[in-house]
Amino acid sequence: MKSRYLFILGKTPDLSVFELAQFFTENEIVFWDEEFAIVETDMEIEADFLNRLGGTVAIARLLDESLEEFLVSEFKDSEGKIPFGISAYGMRDFERKKLLLSCKKVLKSEGVSCRFVNKDFGNLNAAQVKAEKLLEKGAYLIMTRNLNGREYRGMAIAVQDVDAYSKRDYDKPFRDARMGMLPPKLAQMMTNSGVGGAKRAEGAEGAEGAEGVLRLCSGSSAVRVFDPFCGSGTVLMEAMLAGYNVIGSDISEDCVKGTRKNLEWFEKEFRISGGQFKVFQHDASRAFDEKLKDENICIVTEGYLGPPQSAVPSEDVQKKLFHELIQLYDNFFQNASKILERGARICITFPFFNGREKIFFPGKKGLKRFGFEIVSPEELLYFRRNQVMGREVVVFRRI
Ligand SMILES: C[S@@+](CC[C@H](N)C(=O)[O-])C[C@H]1O[C@@H](n2cnc3c(N)ncnc32)[C@H](O)[C@@H]1O
(Lines give C-alpha, C1' and ligand atoms only; values in the text may rest on other atoms or scores of the structure.)
Protein backbone atom coordinates (compact mmCIF):
# COMPACT_ATOMS: atom_id res chain seq x y z
CA MET A 1 0.00 0.00 0.00
CA LYS A 2 1.56 3.27 -1.10
CA SER A 3 1.62 6.36 1.12
CA ARG A 4 1.73 9.86 -0.32
CA TYR A 5 3.75 12.71 1.13
CA LEU A 6 4.05 16.41 0.49
CA PHE A 7 7.52 17.94 0.74
CA ILE A 8 7.62 21.73 1.08
CA LEU A 9 10.85 22.83 -0.56
CA GLY A 10 13.33 25.45 0.63
CA LYS A 11 14.60 28.47 -1.29
CA THR A 12 16.55 26.45 -3.89
CA PRO A 13 13.93 24.01 -5.23
CA ASP A 14 16.17 22.52 -7.95
CA LEU A 15 18.75 21.56 -5.34
CA SER A 16 16.03 20.34 -2.98
CA VAL A 17 14.57 18.03 -5.61
CA PHE A 18 18.01 16.76 -6.58
CA GLU A 19 18.53 15.94 -2.90
CA LEU A 20 15.20 14.08 -2.74
CA ALA A 21 16.20 12.15 -5.86
CA GLN A 22 19.06 10.64 -3.83
CA PHE A 23 16.48 8.92 -1.61
CA PHE A 24 13.54 8.29 -3.91
CA THR A 25 13.29 6.93 -7.44
CA GLU A 26 12.04 8.96 -10.38
CA ASN A 27 8.76 7.01 -10.20
CA GLU A 28 8.30 7.87 -6.54
CA ILE A 29 8.67 11.64 -7.03
CA VAL A 30 5.41 12.01 -8.90
CA PHE A 31 5.28 15.79 -9.08
CA TRP A 32 7.39 18.82 -8.22
CA ASP A 33 7.44 22.52 -8.86
CA GLU A 34 9.03 25.62 -7.33
CA GLU A 35 7.34 25.13 -3.97
CA PHE A 36 6.62 21.50 -3.28
CA ALA A 37 7.15 17.88 -4.31
CA ILE A 38 4.79 14.90 -4.03
CA VAL A 39 6.31 11.54 -3.17
CA GLU A 40 4.38 8.29 -3.49
CA THR A 41 6.18 5.38 -1.86
CA ASP A 42 5.77 1.96 -0.21
CA MET A 43 7.98 3.19 2.62
CA GLU A 44 6.64 4.85 5.71
CA ILE A 45 8.52 8.10 6.28
CA GLU A 46 9.33 8.98 9.87
CA ALA A 47 9.50 12.54 11.17
CA ASP A 48 13.24 12.20 11.82
CA PHE A 49 13.88 11.90 8.10
CA LEU A 50 13.49 15.67 7.80
CA ASN A 51 16.61 16.16 9.92
CA ARG A 52 18.53 14.45 7.13
CA LEU A 53 17.36 16.92 4.47
CA GLY A 54 18.80 20.39 3.93
CA GLY A 55 16.39 21.38 1.16
CA THR A 56 12.97 20.54 2.61
CA VAL A 57 11.27 22.73 5.21
CA ALA A 58 8.30 20.51 6.08
CA ILE A 59 6.92 17.05 5.35
CA ALA A 60 3.20 16.30 5.43
CA ARG A 61 1.24 13.09 4.96
CA LEU A 62 -1.34 13.62 2.22
CA LEU A 63 -5.00 13.46 3.18
CA ASP A 64 -7.86 12.17 1.06
CA GLU A 65 -10.50 14.03 3.04
CA SER A 66 -11.05 17.79 3.37
CA LEU A 67 -9.17 19.70 6.09
CA GLU A 68 -12.44 20.22 7.95
CA GLU A 69 -13.24 16.48 7.91
CA PHE A 70 -9.74 15.62 9.03
CA LEU A 71 -9.82 18.05 11.97
CA VAL A 72 -13.19 16.78 13.16
CA SER A 73 -12.19 13.10 13.04
CA GLU A 74 -8.88 13.87 14.74
CA PHE A 75 -10.16 16.07 17.58
CA LYS A 76 -13.85 15.31 18.14
CA ASP A 77 -13.12 13.55 21.44
CA SER A 78 -10.33 15.88 22.60
CA GLU A 79 -10.50 18.14 25.59
CA GLY A 80 -9.13 21.65 26.01
CA LYS A 81 -8.53 24.24 23.33
CA ILE A 82 -6.95 22.71 20.23
CA PRO A 83 -4.43 24.93 18.40
CA PHE A 84 -4.17 24.51 14.66
CA GLY A 85 -2.60 26.35 11.76
CA ILE A 86 -2.75 26.22 7.98
CA SER A 87 -0.20 27.16 5.37
CA ALA A 88 -1.56 27.37 1.84
CA TYR A 89 0.83 27.62 -1.10
CA GLY A 90 -0.16 28.66 -4.61
CA MET A 91 -3.38 30.10 -3.17
CA ARG A 92 -4.65 33.61 -2.57
CA ASP A 93 -4.68 35.14 0.92
CA PHE A 94 -8.46 35.34 0.96
CA GLU A 95 -8.68 31.60 0.23
CA ARG A 96 -6.48 30.80 3.24
CA LYS A 97 -8.61 33.07 5.39
CA LYS A 98 -11.79 31.37 4.19
CA LEU A 99 -10.30 27.96 4.93
CA LEU A 100 -9.19 28.93 8.44
CA LEU A 101 -12.59 30.36 9.30
CA SER A 102 -14.39 27.36 7.82
CA CYS A 103 -12.26 24.89 9.85
CA LYS A 104 -12.90 26.82 13.02
CA LYS A 105 -16.64 26.96 12.35
CA VAL A 106 -16.92 23.24 11.59
CA LEU A 107 -14.92 22.26 14.69
CA LYS A 108 -17.04 24.55 16.84
CA SER A 109 -20.24 23.06 15.45
CA GLU A 110 -18.92 19.64 16.51
CA GLY A 111 -18.31 20.98 20.02
CA VAL A 112 -14.51 21.15 19.69
CA SER A 113 -12.91 24.19 21.28
CA CYS A 114 -10.11 25.43 19.02
CA ARG A 115 -8.02 28.42 17.92
CA PHE A 116 -5.99 28.99 14.81
CA VAL A 117 -2.53 30.47 15.27
CA ASN A 118 -2.04 32.13 11.85
CA LYS A 119 -1.31 35.81 12.39
CA ASP A 120 -3.25 38.02 9.97
CA PHE A 121 -4.23 34.80 8.18
CA GLY A 122 -0.68 34.48 6.72
CA ASN A 123 1.31 31.26 6.20
CA LEU A 124 3.20 29.86 9.18
CA ASN A 125 6.95 29.44 9.41
CA ALA A 126 8.83 26.65 11.20
CA ALA A 127 9.54 28.83 14.26
CA GLN A 128 5.82 29.57 14.74
CA VAL A 129 4.85 25.91 14.36
CA LYS A 130 7.44 25.02 17.00
CA ALA A 131 6.53 27.85 19.40
CA GLU A 132 2.83 26.91 19.27
CA LYS A 133 3.65 23.18 19.68
CA LEU A 134 1.26 22.42 16.81
CA LEU A 135 2.73 19.01 16.04
CA GLU A 136 2.44 17.87 19.66
CA LYS A 137 -0.79 19.51 20.82
CA GLY A 138 -2.79 20.27 17.70
CA ALA A 139 -2.35 20.15 13.94
CA TYR A 140 -0.37 21.92 11.28
CA LEU A 141 -2.12 21.55 7.95
CA ILE A 142 -0.64 22.31 4.58
CA MET A 143 -2.51 22.93 1.40
CA THR A 144 -0.90 23.41 -2.01
CA ARG A 145 -2.17 24.12 -5.48
CA ASN A 146 -0.03 23.64 -8.56
CA LEU A 147 -0.19 25.70 -11.75
CA ASN A 148 -2.68 23.26 -13.27
CA GLY A 149 -5.02 23.92 -10.39
CA ARG A 150 -4.57 20.51 -8.74
CA GLU A 151 -4.82 20.71 -4.98
CA TYR A 152 -3.07 18.63 -2.32
CA ARG A 153 -3.92 18.63 1.38
CA GLY A 154 -1.63 17.29 4.06
CA MET A 155 -1.05 16.98 7.77
CA ALA A 156 2.51 17.95 8.72
CA ILE A 157 4.56 15.24 10.41
CA ALA A 158 7.74 17.34 10.70
CA VAL A 159 9.00 20.88 10.26
CA GLN A 160 12.62 21.97 9.96
CA ASP A 161 14.39 22.50 13.30
CA VAL A 162 15.53 26.08 12.77
CA ASP A 163 17.19 26.32 16.20
CA ALA A 164 19.39 23.29 15.55
CA TYR A 165 20.59 24.81 12.25
CA SER A 166 21.34 28.12 13.89
CA LYS A 167 23.30 26.41 16.70
CA ARG A 168 25.38 24.45 14.18
CA ASP A 169 26.00 27.59 12.16
CA TYR A 170 26.72 30.21 14.82
CA ASP A 171 27.81 28.47 18.01
CA LYS A 172 30.78 26.47 16.74
CA PRO A 173 34.05 27.65 18.33
CA PHE A 174 36.03 28.22 15.10
CA ARG A 175 34.54 30.56 12.48
CA ASP A 176 36.38 32.51 9.84
CA ALA A 177 34.03 34.92 8.08
CA ARG A 178 36.74 35.89 5.56
CA MET A 179 36.54 32.59 3.77
CA GLY A 180 32.77 32.69 3.40
CA MET A 181 30.51 30.50 5.44
CA LEU A 182 28.94 27.48 3.89
CA PRO A 183 25.35 27.29 5.23
CA PRO A 184 24.71 23.95 7.02
CA LYS A 185 21.61 23.33 4.88
CA LEU A 186 23.70 23.55 1.71
CA ALA A 187 26.38 21.32 3.27
CA GLN A 188 23.64 18.81 4.05
CA MET A 189 22.22 18.86 0.50
CA MET A 190 25.76 18.45 -0.84
CA THR A 191 26.50 15.55 1.50
CA ASN A 192 23.36 13.70 0.40
CA SER A 193 24.16 14.39 -3.24
CA GLY A 194 27.78 13.29 -2.84
CA VAL A 195 27.05 10.11 -0.96
CA GLY A 196 24.17 9.34 -3.30
CA GLY A 197 21.58 9.38 -0.52
CA ALA A 198 20.94 6.43 1.69
CA LYS A 199 21.97 3.94 -0.99
CA ARG A 200 18.63 2.27 -0.50
CA ALA A 201 18.91 0.34 -3.75
CA GLU A 202 22.23 -1.07 -2.67
CA GLY A 203 20.80 -2.08 0.68
CA ALA A 204 23.29 -0.12 2.76
CA GLU A 205 22.91 -0.23 6.50
CA GLY A 206 20.61 2.48 7.80
CA ALA A 207 18.42 2.61 4.73
CA GLU A 208 15.31 0.49 4.47
CA GLY A 209 14.16 -0.96 7.75
CA ALA A 210 12.74 -4.47 7.95
CA GLU A 211 9.23 -3.18 8.64
CA GLY A 212 9.24 -0.97 5.55
CA VAL A 213 9.96 2.22 7.45
CA LEU A 214 12.34 4.55 5.69
CA ARG A 215 14.96 4.84 8.39
CA LEU A 216 17.25 7.43 7.04
CA CYS A 217 18.25 8.94 10.35
CA SER A 218 21.65 7.32 10.39
CA GLY A 219 23.87 6.89 7.38
CA SER A 220 26.03 3.94 6.67
CA SER A 221 29.08 3.96 8.93
CA ALA A 222 31.02 2.25 6.14
CA VAL A 223 30.80 5.40 3.99
CA ARG A 224 33.60 7.92 4.47
CA VAL A 225 33.02 11.53 3.44
CA PHE A 226 36.22 13.36 2.54
CA ASP A 227 36.45 17.18 2.33
CA PRO A 228 39.89 18.17 0.99
CA PHE A 229 39.15 21.95 1.34
CA CYS A 230 37.54 21.58 4.76
CA GLY A 231 37.87 25.20 6.01
CA SER A 232 36.04 25.19 9.33
CA GLY A 233 34.54 21.72 8.81
CA THR A 234 30.91 22.53 7.95
CA VAL A 235 30.55 19.65 5.46
CA LEU A 236 32.22 17.26 7.91
CA MET A 237 29.80 18.21 10.70
CA GLU A 238 26.75 17.59 8.52
CA ALA A 239 28.20 14.29 7.29
CA MET A 240 28.91 13.19 10.89
CA LEU A 241 25.38 14.10 11.87
CA ALA A 242 24.12 11.84 9.07
CA GLY A 243 26.17 9.00 10.55
CA TYR A 244 29.17 8.90 8.23
CA ASN A 245 32.84 8.69 9.14
CA VAL A 246 34.64 11.80 7.93
CA ILE A 247 38.06 12.89 6.75
CA GLY A 248 39.10 16.51 6.30
CA SER A 249 42.17 18.25 4.98
CA ASP A 250 43.08 21.84 4.21
CA ILE A 251 46.19 23.68 3.09
CA SER A 252 45.95 26.01 6.10
CA GLU A 253 47.20 24.88 9.49
CA ASP A 254 44.73 27.23 11.21
CA CYS A 255 41.82 25.60 9.36
CA VAL A 256 43.05 22.12 10.30
CA LYS A 257 43.24 23.10 13.99
CA GLY A 258 39.92 24.96 13.79
CA THR A 259 38.15 22.04 12.13
CA ARG A 260 39.40 19.64 14.83
CA LYS A 261 38.13 22.01 17.50
CA ASN A 262 34.74 22.30 15.76
CA LEU A 263 34.35 18.55 15.33
CA GLU A 264 35.19 17.88 18.99
CA TRP A 265 32.64 20.51 20.02
CA PHE A 266 30.11 19.06 17.59
CA GLU A 267 30.50 15.50 18.88
CA LYS A 268 29.78 16.68 22.42
CA GLU A 269 26.97 19.14 21.67
CA PHE A 270 25.09 16.87 19.29
CA ARG A 271 25.93 13.66 21.14
CA ILE A 272 27.40 11.98 18.08
CA SER A 273 28.70 8.58 18.99
CA GLY A 274 30.62 6.15 16.89
CA GLY A 275 31.34 8.54 13.98
CA GLN A 276 35.07 8.85 13.47
CA PHE A 277 36.98 11.84 12.15
CA LYS A 278 40.49 12.47 10.91
CA VAL A 279 41.83 15.90 9.91
CA PHE A 280 45.24 16.70 8.44
CA GLN A 281 47.10 19.40 6.53
CA HIS A 282 47.37 18.86 2.78
CA ASP A 283 47.50 20.81 -0.46
CA ALA A 284 44.66 19.36 -2.55
CA SER A 285 46.54 20.07 -5.78
CA ARG A 286 49.11 17.45 -4.73
CA ALA A 287 48.83 13.66 -4.72
CA PHE A 288 46.76 12.15 -1.89
CA ASP A 289 48.02 9.35 0.30
CA GLU A 290 47.13 6.06 -1.41
CA LYS A 291 45.81 4.87 1.96
CA LEU A 292 42.76 7.05 1.40
CA LYS A 293 41.72 4.83 -1.51
CA ASP A 294 38.66 2.92 -0.45
CA GLU A 295 35.50 1.74 -2.16
CA ASN A 296 33.37 3.62 0.33
CA ILE A 297 34.95 7.04 0.03
CA CYS A 298 33.28 10.00 -1.63
CA ILE A 299 34.27 13.66 -1.79
CA VAL A 300 32.02 16.50 -0.71
CA THR A 301 33.58 19.93 -0.74
CA GLU A 302 33.25 23.63 -1.15
CA GLY A 303 36.58 24.36 -2.76
CA TYR A 304 38.53 27.56 -2.89
CA LEU A 305 36.29 30.35 -4.23
CA GLY A 306 38.93 33.05 -4.68
CA PRO A 307 39.11 36.28 -2.64
CA PRO A 308 35.83 37.78 -1.31
CA GLN A 309 34.27 40.25 -3.77
CA SER A 310 32.11 43.26 -3.02
CA ALA A 311 31.16 43.87 -6.67
CA VAL A 312 31.29 41.81 -9.85
CA PRO A 313 34.99 42.13 -10.82
CA SER A 314 36.24 43.30 -14.21
CA GLU A 315 36.63 40.77 -17.02
CA ASP A 316 40.40 40.74 -16.50
CA VAL A 317 40.07 39.94 -12.81
CA GLN A 318 37.51 37.24 -13.57
CA LYS A 319 39.80 35.68 -16.15
CA LYS A 320 42.73 35.68 -13.72
CA LEU A 321 40.67 34.05 -10.95
CA PHE A 322 39.17 31.43 -13.24
CA HIS A 323 42.61 30.65 -14.68
CA GLU A 324 43.92 30.10 -11.13
CA LEU A 325 40.94 27.87 -10.30
CA ILE A 326 41.30 25.83 -13.50
CA GLN A 327 44.88 24.99 -12.53
CA LEU A 328 43.89 24.12 -8.96
CA TYR A 329 40.90 21.96 -9.90
CA ASP A 330 42.64 20.23 -12.81
CA ASN A 331 45.34 19.10 -10.39
CA PHE A 332 42.83 18.22 -7.69
CA PHE A 333 40.61 16.12 -9.99
CA GLN A 334 43.62 14.33 -11.42
CA ASN A 335 44.74 13.38 -7.91
CA ALA A 336 41.22 12.61 -6.69
CA SER A 337 40.68 10.19 -9.58
CA LYS A 338 43.47 8.04 -8.13
CA ILE A 339 41.76 7.52 -4.77
CA LEU A 340 38.16 7.12 -5.96
CA GLU A 341 36.67 3.83 -7.07
CA ARG A 342 34.36 3.59 -10.08
CA GLY A 343 30.94 5.01 -9.24
CA ALA A 344 32.22 7.21 -6.39
CA ARG A 345 31.13 10.82 -6.49
CA ILE A 346 32.59 14.27 -6.01
CA CYS A 347 30.04 16.90 -5.00
CA ILE A 348 31.70 20.30 -5.30
CA THR A 349 30.75 23.98 -5.50
CA PHE A 350 32.26 26.35 -8.04
CA PRO A 351 31.89 30.12 -7.77
CA PHE A 352 29.88 32.08 -10.34
CA PHE A 353 29.49 35.83 -10.71
CA ASN A 354 25.98 37.04 -10.35
CA GLY A 355 25.95 40.24 -12.43
CA ARG A 356 23.46 41.25 -15.10
CA GLU A 357 24.23 37.83 -16.55
CA LYS A 358 25.58 34.86 -14.66
CA ILE A 359 29.20 34.10 -15.44
CA PHE A 360 30.07 30.48 -14.69
CA PHE A 361 33.37 28.76 -13.97
CA PRO A 362 34.60 27.78 -17.46
CA GLY A 363 36.72 24.81 -16.34
CA LYS A 364 33.86 22.54 -15.22
CA LYS A 365 33.36 20.37 -18.30
CA GLY A 366 37.13 19.98 -18.84
CA LEU A 367 37.36 18.11 -15.53
CA LYS A 368 35.57 15.14 -17.11
CA ARG A 369 38.81 14.22 -18.90
CA PHE A 370 40.21 12.93 -15.61
CA GLY A 371 37.73 10.04 -15.71
CA PHE A 372 34.44 11.59 -14.56
CA GLU A 373 30.94 12.21 -15.82
CA ILE A 374 28.60 14.90 -14.53
CA VAL A 375 25.46 13.44 -12.94
CA SER A 376 23.79 16.61 -11.67
CA PRO A 377 21.47 18.77 -13.77
CA GLU A 378 22.75 22.03 -15.31
CA GLU A 379 22.80 25.13 -13.11
CA LEU A 380 22.11 23.83 -9.62
CA LEU A 381 22.62 27.21 -8.01
CA TYR A 382 22.76 28.47 -4.44
CA PHE A 383 22.78 32.24 -4.06
CA ARG A 384 20.95 35.18 -2.61
CA ARG A 385 19.57 37.70 -5.05
CA ASN A 386 21.89 40.54 -3.98
CA GLN A 387 25.00 38.35 -3.69
CA VAL A 388 27.84 39.14 -6.11
CA MET A 389 29.22 35.63 -6.04
CA GLY A 390 27.07 32.53 -5.90
CA ARG A 391 27.80 28.83 -5.75
CA GLU A 392 27.13 26.30 -8.47
CA VAL A 393 26.80 22.74 -7.17
CA VAL A 394 28.11 20.04 -9.49
CA VAL A 395 28.18 16.28 -8.90
CA PHE A 396 30.78 14.22 -10.74
CA ARG A 397 30.88 10.44 -10.86
CA ARG A 398 34.06 8.44 -11.37
CA ILE A 399 33.75 6.22 -14.47
C1 LIG B 1 35.73 28.45 0.86
S2 LIG B 1 36.75 27.69 2.02
C3 LIG B 1 35.88 26.28 2.51
C4 LIG B 1 34.95 26.63 3.63
C5 LIG B 1 34.30 25.46 4.25
N6 LIG B 1 33.38 24.83 3.34
C7 LIG B 1 33.59 25.91 5.51
O8 LIG B 1 32.37 25.99 5.56
O9 LIG B 1 34.28 26.22 6.44
C10 LIG B 1 38.05 27.08 1.07
C11 LIG B 1 39.16 26.43 1.84
O12 LIG B 1 40.08 25.91 0.90
C13 LIG B 1 41.38 25.99 1.46
N14 LIG B 1 42.34 25.88 0.34
C15 LIG B 1 42.67 26.79 -0.59
N16 LIG B 1 43.57 26.25 -1.44
C17 LIG B 1 43.76 24.97 -1.06
C18 LIG B 1 44.55 23.89 -1.55
N19 LIG B 1 45.33 24.04 -2.61
N20 LIG B 1 44.49 22.71 -0.91
C21 LIG B 1 43.70 22.54 0.18
N22 LIG B 1 42.96 23.53 0.70
C23 LIG B 1 42.97 24.72 0.09
C24 LIG B 1 41.38 27.30 2.22
O25 LIG B 1 42.35 27.29 3.25
C26 LIG B 1 39.94 27.34 2.75
O27 LIG B 1 39.91 26.83 4.05
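Residues numbered from 1 in each chain as written. Predicted model: local features only at pLDDT ≥ 70, side-chain atom pairs only at ≥ 80, totals over all residues.

1. Description of the domain arrangement of the protein
Stage number 1. Looking at the protein, the domain boundaries give domain 1 (3–160) and domain 2 (168–398).
Stage number 2. The distance between the C-alpha centroids of domain 1 and domain 2 comes to 32 Å. (Domains from an automatic or database assignment.)

2. Some thoughts on the site of the ligand
Stage number 1. Taken together, 21 residues lie near the ligand, and Leu182, Phe229, Gly231, Ser232 and Thr234 sit nearest.
Stage number 2. Across the shell around the ligand, the residue classes break down as 12 nonpolar, six polar and three charged. (Near = placed C-beta within 6 Å. Nonpolar A, V, L, I, M, F, W, Y, C, P; charged D, E, K, R; others polar.)

3. A look at the confidence of the model for the protein
Stage number 1. On average, residues of the protein score 91 in pLDDT, and 92% of them are at 70 or above.
Stage number 2. Averaged over each element, pLDDT in the protein is lowest for strand S10 (residues 213–214) (46) and highest for strand S5 (residues 56–62) (98).
Stage number 3. This model gives residues 198–218 a pLDDT under 50, and the stretch forms 42 contacts once residues within four places in sequence are excluded. (pLDDT = per-residue confidence, 0-100. Helix = DSSP H or I, 4+ residues; strand = E, 2+ residues; numbered from the N terminus. Contact = placed C-beta atoms within 7 Å.)

4. Focus: helix H10 (residues 315–339)
Stage number 1. Along its 25 residues, H10 runs 36 Å from first to last C-alpha, staying within 8% of the 36 Å computed at 1.5 Å per residue.
Stage number 2. Looking at H10, one finds that the buried residues are Leu321, Leu325, Tyr329, Phe332, Phe333, Ala336 and Ile339.
Stage number 3. Along its buried surface, H10 packs onto strand S14 (297–302), strand S15 (345–354) and strand S17 (372–374). (Expected span 1.5 Å × (residues − 1). Buried ≥ 20, exposed ≤ 12 C-beta atoms within 10 Å, placed from the backbone.)

5. Brief notes about unusual backbone geometry
Backbone phi values are negative for most residues with the exception of glycine, while trans is the configuration of most peptide bonds.
Stage number 1. Of note, Asp120 is a non-glycine position whose phi angle comes to about 50 degrees, a positive value.
Stage number 2. Structurally, Asp120 can be placed in the loop between strand S7 (114–116) and helix H4 (126–131).
Stage number 3. We note that Glu379 has phi near 55 degrees; this positive angle belongs to a residue other than glycine.
Stage number 4. Tracing the backbone shows Glu379 in the loop between S17 and strand S18 (380–382).
Stage number 5. Taking the C-beta count within 10 Å as the criterion, Glu379 has 12 such neighbours and is therefore assigned exposed.

6. Some words on the environment of Asp330
Stage number 1. On the secondary structure map, Asp330 appears in helix H10.
Stage number 2. Classification of Asp330 by C-beta neighbours within 10 Å gives partly exposed; the count is 16.
Stage number 3. Residues Asp330 and Phe370 lie 40 residues apart in sequence; the distance between their C-alpha atoms is 8.2 Å.

7. Some details on the pairing of S15
Stage number 1. The buried count for S15 comes to eight of 10 residues, which makes it a mostly enclosed element.
Stage number 2. The pairing of S14 with S15 spans four bridges and is classified as parallel. Looking at S15, one finds that Thr301 is bridged to Ile348.
Stage number 3. Bridge analysis of S15 against strand S19 (residues 389–398) gives nine bridges, and the strand direction is antiparallel. Of the residues in S19, the one forming a bridge with Cys347 is Val395. (Pairing = 2+ DSSP bridges.)

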